[in-house]
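# Structural characterization, general
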Amino acid sequence: MVAPIVNFGKLLGTINVYDVSAHAFSSDDLRTLGFVAGRAAVAIENASAFEQVRDSAIRDPLTNLHNGGYLISFLQRELRRSERLGGRASVIGIDLDNFKAINDSMGHQEGDRVLREVASIFCGQLREYDQAFRNGGDEFVVVLPDTPSSEAVRVAARIQSEVDSYAAGMADTVGVKLGASVGVATYPKDADNPEELLAKADANMYENKRARKQGKLAA
């Protein structure tokens, strides 16, 4: 006996009941199962709506990365797990160089497109269980569970290189060279709580930004 789970004309699934005997189910049984399926449809739709609302609350609508509000709670969980297992976790702070000039010269719509494409570049360099966050404006954070500092530095370098490659063709159009400054911090070597770990990564990122600017001026 099969009853469809339907809500406002949308098929969500079926409830299937089996019996090895012939003619095991009556029309009353089918009506009862249909009633249960109707209640199940409401419950499934409510749960789906809740998940959508919850997901929208922790994601940046422009890039679809997780947002800064979710960053601390996610990082707290990862650091507790690393402490429990005796492991390491790293974060990468990322700030886009000269992004404001792109907004000023090409408009915010084009700037939004660049943010989406750069976010995709970040994700392309990460493992399935790593997480990238848009921390506001043109600032991003990547959390790398089970990752020592040496590996995090390599990931940061790949991200930086990929953004440079992406920006190479843009400079001719905009007259501005987009780039990414990066900074790495690792638990427990650099800090043992989320706030200090992020602050250390941020400080290292600004040191990288100063070095990049000085290098360009020298060149």
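Now for a look at the structure at hand.

Conventions we followed
- Residue positions are given per chain, counted from 1 along the sequence in the order it is written.
- The predicted origin of the model limits local features to residues at a pLDDT of at least 70 and limits the giving and counting of side-chain atom pairs to 80 or more, whereas totals for whole chains, interfaces and linings rest on all residues.
- Side-chain measures were taken over the full set of non-hydrogen atoms in the model, leaving aside hydrogen atoms and water.
- In this scheme Phe, Tyr and Trp rings, the latter by its six-membered ring, pair at centre separations within 6.5 Å, and the angle between planes marks the pair as stacked below 30 degrees, edge-to-face above 60, and tilted otherwise.
- Only runs of H or I of at least four residues qualify as helices and only runs of E of at least two qualify as strands under DSSP, and these elements are numbered from the N terminus.
- Exposure classes here rest on a 1.4 Å probe applied to the protein chains alone. A residue is buried below 20% of its type maximum, exposed above 50%, and partly exposed in between.
- The rule for a salt bridge is simple: a side-chain nitrogen of Lys or Arg has to be within 4 Å of a carboxyl oxygen of Asp or Glu.
- One less than the number of residues in a helix, times 1.5 Å, gives the span that helix is expected to have.
- Each direction from the helix axis to a C-beta atom contributes to the arc, which is the arc of those directions.

### Structural notes on the packing of aromatic side chains
To describe a pair of aromatic rings, you give the distance between the ring centres and the angle between the ring planes. According to the stated counting rule, one finds four aromatic pairs in the structure shown. Taking the centre distance of 5.6 Å and the plane angle of 55° together, the rings of Phe-74 and Phe-133 count as tilted. Here Phe-133 lies in strand β5 (residues 131-136) and Phe-74 lies in helix α2 (residues 68-85), a separation of 59 residues in the sequence. On the basis of relative accessible area, Phe-74 is assigned to the buried category, the value being 7%. Both rings, one in Phe-122 and one in Phe-140, keep their centres 5.0 Å apart while their planes meet at 75°; by these two values the pair is edge-to-face. One end of the pair, Phe-122, is in helix α4 (residues 108-124); the other, Phe-140, is in strand β6 (residues 139-145), and 18 residues separate them in sequence. Both residues of the pair, Phe-122 and Phe-140, count as buried. Members of the aromatic cluster, joined through ring pairs, are Tyr-70, Phe-74 and Phe-133.

### Examining the pattern of salt bridges
Applying the stated criterion across every chain yields a total of 15 salt bridges. Where Arg-212 meets Asp-164, a salt bridge forms, and the shortest distance between an N and an O atom there is 3.7 Å. You can see Arg-212 sitting in helix α7 (residues 194-218) and its partner Asp-164 sitting in helix α5 (residues 149-168), a full 48 residues away along the chain. A residue is classified by how much of its surface remains accessible, and Arg-212, at 19% relative accessible area, is buried. Note that Lys-189 and Asp-190 form a salt bridge whose closest N and O atoms lie 3.3 Å from each other.

### Considerations on α4
Between its terminal C-alpha atoms α4 stretches 24 Å, which fits the 24 Å expected from 17 residues at 1.5 Å a residue. Of the positions making up α4, those classed as buried are Gly-111, Val-114, Leu-115, Val-118, Ala-119, Ile-121 and Phe-122. Buried residues in α4, looked at end-on, bunch into an arc of 155°, giving them a common side. What points out from α4, more than 90 degrees from its buried face, is the exposed set Gln-109 and Gly-124.

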